[in-house]
Amino acid sequence: MSVPQARAAASSLQLCRPQSRKAVDEVDKTTAVVEKRQASQSQQVSRDVRESGEAGAEQGSKYQLSRIMRPDDANIVGNVHGGIVLKMIEEAGCIVGTRHCNTQNGERCLAVLVRVEKTEFLSPVFIGEVAHVTAEITYTSKHSLEVQVKVMAENILTGAKKLANKAALWYVPCSLKNVDKIMDVPPIKYASAEQGEEGRKRYEAQKMDRLETKARIEEVVSPPPNPEQHTVGFSQSSLIHLVGPSDCTLHDYVHGGVTMKLMDEVAGIVAARHCNTNVVTASVDAINFHRKIKKGCVVTVTGRLTFVSNKSMEIEVLVDASSLVETEKGKYRAVSAFFTFISLDKDNKPLPVPPLKIEGEEEQKRSEEGKARYLHNKAKRLADKERQE
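Anyway, here's the lowdown on the structure attached to this text.

### Some details on the overall build of the protein
Within the protein, the secondary structure is distributed over seven helices and 12 strands. For the protein, with 389 residues in total, the buried portion stands at 45%. Within the protein, contacts between residues separated by at least 24 positions form 74% of all contacts whose residues are at least 6 apart in sequence. Entry remark: accessible area of the protein is about 21500 Å², with carbon and sulfur atoms responsible for 53%.

Here is the structure:
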């Protein structure tokens, strides 16, 4: 009952039955309770607004978003797609990067993703769990910034939490007036000189790697008709997507997270076709964004197996784009990366992977390069584990 309703009820009782003082007293008590409750609610709203403002302004270099995982985020056995996690990671990184870069006076800008470092999927996320994504700016150069992201998965029924993913992303701020104009990045304060120096080393390393990593420009060969099972051609898959407004940033260029989600979907199809089992993303090698993709472009995302170990599959994913309007510009390579998938049984335990049948010199070359990456990453994991122990 609202306060006006309570007062109206009191007046009605007084007019109709002035001798019933007890009824009037009851209404007065009800009115007092309602007024007290409304005052309490008003104070709580004020506190919530104040606390929300304080949380938003607490630290411009840090941001957190949370979302419960729904059935449409996962595969048929309940494992959340790696692409969903990658998309959330990029969204959080874009928000914290854009906020930070607009703390200075001048042209407004948007943080644009240019590179994702190697990303490990440490624990699977399931339907019904809440993913908490925390993004923090850890290094700034004159024209770029590093955002480190951590994903925690929470079982809201038991309260149990687990580290699901850690990633490092690099952004550059582009002017909203001119997407080709790179803006200056406001510097951040480091806890120590050592922290700043470590960040500078990471910056130099990724800069060198980006210069050495050139877009692979060879055409993706279509698989032969009726390819033999467990060959590259048998599992090779492509996805064609028209970039619409909902896929794009304020610049009308596609979000990096949207592209990564499409890449993960294609890689998952390739892995599932090869194994014919439940598969999940285990890791992603550095994702390099070579060129922007504009609204109205048609993107062709192609995945093909390059190397298979006993329990993992490396899948090269290439994103080509072409404009529906400016057809004279032709198709171009926009993004490239290597995804690693593993096969799981019904208890989410790793299963052996069928060997890959290599055909031709090109496939042999890609397989040898994939094996070298596999051995390098394995040695690095063992070294990290020994260091932690």
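Structure shown, so let's carry the discussion forward.
### Some remarks on the packing of aromatic side chains
According to the stated counting rule, one finds five aromatic pairs in the structure shown. When the centroid spacing of 5.9 Å and the interplanar angle of 35 degrees are considered together, the rings of Tyr 139 and Tyr 203 count as tilted. Of the two residues, Tyr 139 sits in strand E4 (residues 130-140) while Tyr 203 sits in helix H4 (residues 193-212), which places them 64 residues apart along the sequence. For the cation-ring pair, Arg 291 lies above Tyr 332, with the distance from its terminal atom to the ring centre recorded as 4.0 Å. We note Lys 292 situated over the ring of Tyr 253; from NZ or CZ to the ring centre the distance is 5.9 Å.

### Details of the layout of surface pockets
Computed from the structure, the second largest pocket encloses a volume of approximately 660 Å³. Residue lining of the second largest pocket: 34 residues in total, with Leu 113, Val 114, Val 172, Arg 210 and Phe 289 positioned closest to the centre. Listed by contribution, the elements that provide at least two residues to the lining of the second largest pocket are helix H3 (82-101), strand E2 (109-116), strand E6 (161-175), H4, helix H6 (256-275) and strand E9 (287-289). Here the residues of the lining of the second largest pocket sort into 16 nonpolar, 12 polar and six charged.

### Concerning the environment of Arg 210
For Arg 210, the position within the fold is in helix H4. Taking the C-alpha atoms as reference, Arg 210 lies 7.4 Å from Asn 288; in sequence the two are 78 residues apart. Excluding residues within four positions of it along the chain, Arg 210 makes contact with Val 114, Arg 115 and Asn 288.

### Concerning the pattern of salt bridges
The final tally for this structure, using the stated rule, is 20 salt bridges. Bridged by salt links that share partners, the residues Arg 115, Glu 117 and Asp 209 form one connected network.

### Here we look at H6
The end-to-end C-alpha separation of H6 is 29 Å, in line with the 28 Å expected for 20 residues at 1.5 Å each. Most of H6 is tucked away, with 15 of its 20 residues classed as buried. Remark: Asn 276 follows H6 within two positions and exhibits a positive phi of approximately 60 degrees.

### Some words on the side chain of Ser 235
Tracing the backbone through its elements, the reader meets Ser 235 in helix H5 (residues 232-235). Classification of Ser 235 as buried rests on a relative accessible area of 0%. Among residues more than four places away in sequence, those in contact with Ser 235 are Val 270, Arg 273, His 274 and Leu 305.

### Observations regarding unusual backbone geometry
The backbone of Asn 226 sits at a positive phi, close to 50 degrees, despite the residue not being glycine. As for its position among the elements, Asn 226 is in the loop between H4 and H5. For Asn 276, which is not glycine, the phi torsion reads 60 degrees and is therefore positive. Here Asn 276 is to be found in the loop between H6 and strand E8 (278-284).

### Remarks on a nonpolar patch on the surface
Taken together, the side chains of Ile 68, Ile 156 and Leu 157 present a nonpolar region at the surface, about 330 Å² in accessible area. We classify Ile 68 as partly exposed; its relative accessible area is 41%.

### Concerning the pairing of strand E5 (residues 145-154)
Most of E5 is tucked away: seven of the 10 residues are buried. Across 10 bridges, E4 lies against E5 in antiparallel orientation. Bridge pairing in E5 places Glu 136 opposite Gln 148. If you look at the hairpin formed by E4 and E5, you'll find four residues sitting between the two strands.

### Structural notes on the nonpolar core
Membership of the largest hydrophobic core comes to 72 residues, with the highest contact counts inside it found for Ile 293, Met 313 and Phe 339. Leaving out residues up to four positions away in the same chain, Ile 293 has contacts with Val 243, Asp 252, Tyr 253, Val 254, Thr 259, Val 299, Val 319, Ala 321, Tyr 332 and Ala 334. Counting eight residues, the second-largest nonpolar core is a separate cluster that includes Tyr 139, Val 172, Tyr 203 and Tyr 253.

Each value, and the rule that gives it
- Residues numbered from 1 in each chain as written.
- Predicted model: local features only at pLDDT ≥ 70, side-chain atom pairs only at ≥ 80, totals over all residues.
- Heavy atoms only, no water.
- Helix = DSSP H or I, 4+ residues; strand = E, 2+ residues; numbered from the N terminus.
- Buried < 20%, exposed > 50% of the residue type's maximum accessible area, 1.4 Å probe, protein only.
- Contact = heavy atoms within 4.5 Å.
- Areas by Shrake-Rupley, 256 points an atom, 1.4 Å probe, with all protein chains shown as cover.
- Phe/Tyr/Trp six-rings, centres within 6.5 Å; stacked < 30°, edge-to-face > 60°.
- Lys NZ or Arg CZ within 6 Å of the ring centre and 35° of its normal.
- 1 Å grid on protein atoms, 1.4 Å probe; cavity = no way out; pocket = protein on both sides within 12 Å on 5 of 7 lines; lining within 4 Å.
- Points joined across faces, edges and corners; volume = space filled by probe spheres on them.
- Nonpolar A, V, L, I, M, F, W, Y, C, P; charged D, E, K, R; others polar.
- Salt bridge = Lys/Arg side-chain N within 4 Å of Asp/Glu carboxyl O.
- Expected span 1.5 Å × (residues − 1).
- Patch = residues over 30% accessible without salt bridge, like charges linked within 9 Å, V, L, I, M, F, W, Y side chains within 5 Å.
- Pairing = 2+ DSSP bridges.
- Core = buried A, V, L, I, M, F, W, Y, C linked by side-chain atoms within 4.5 Å.

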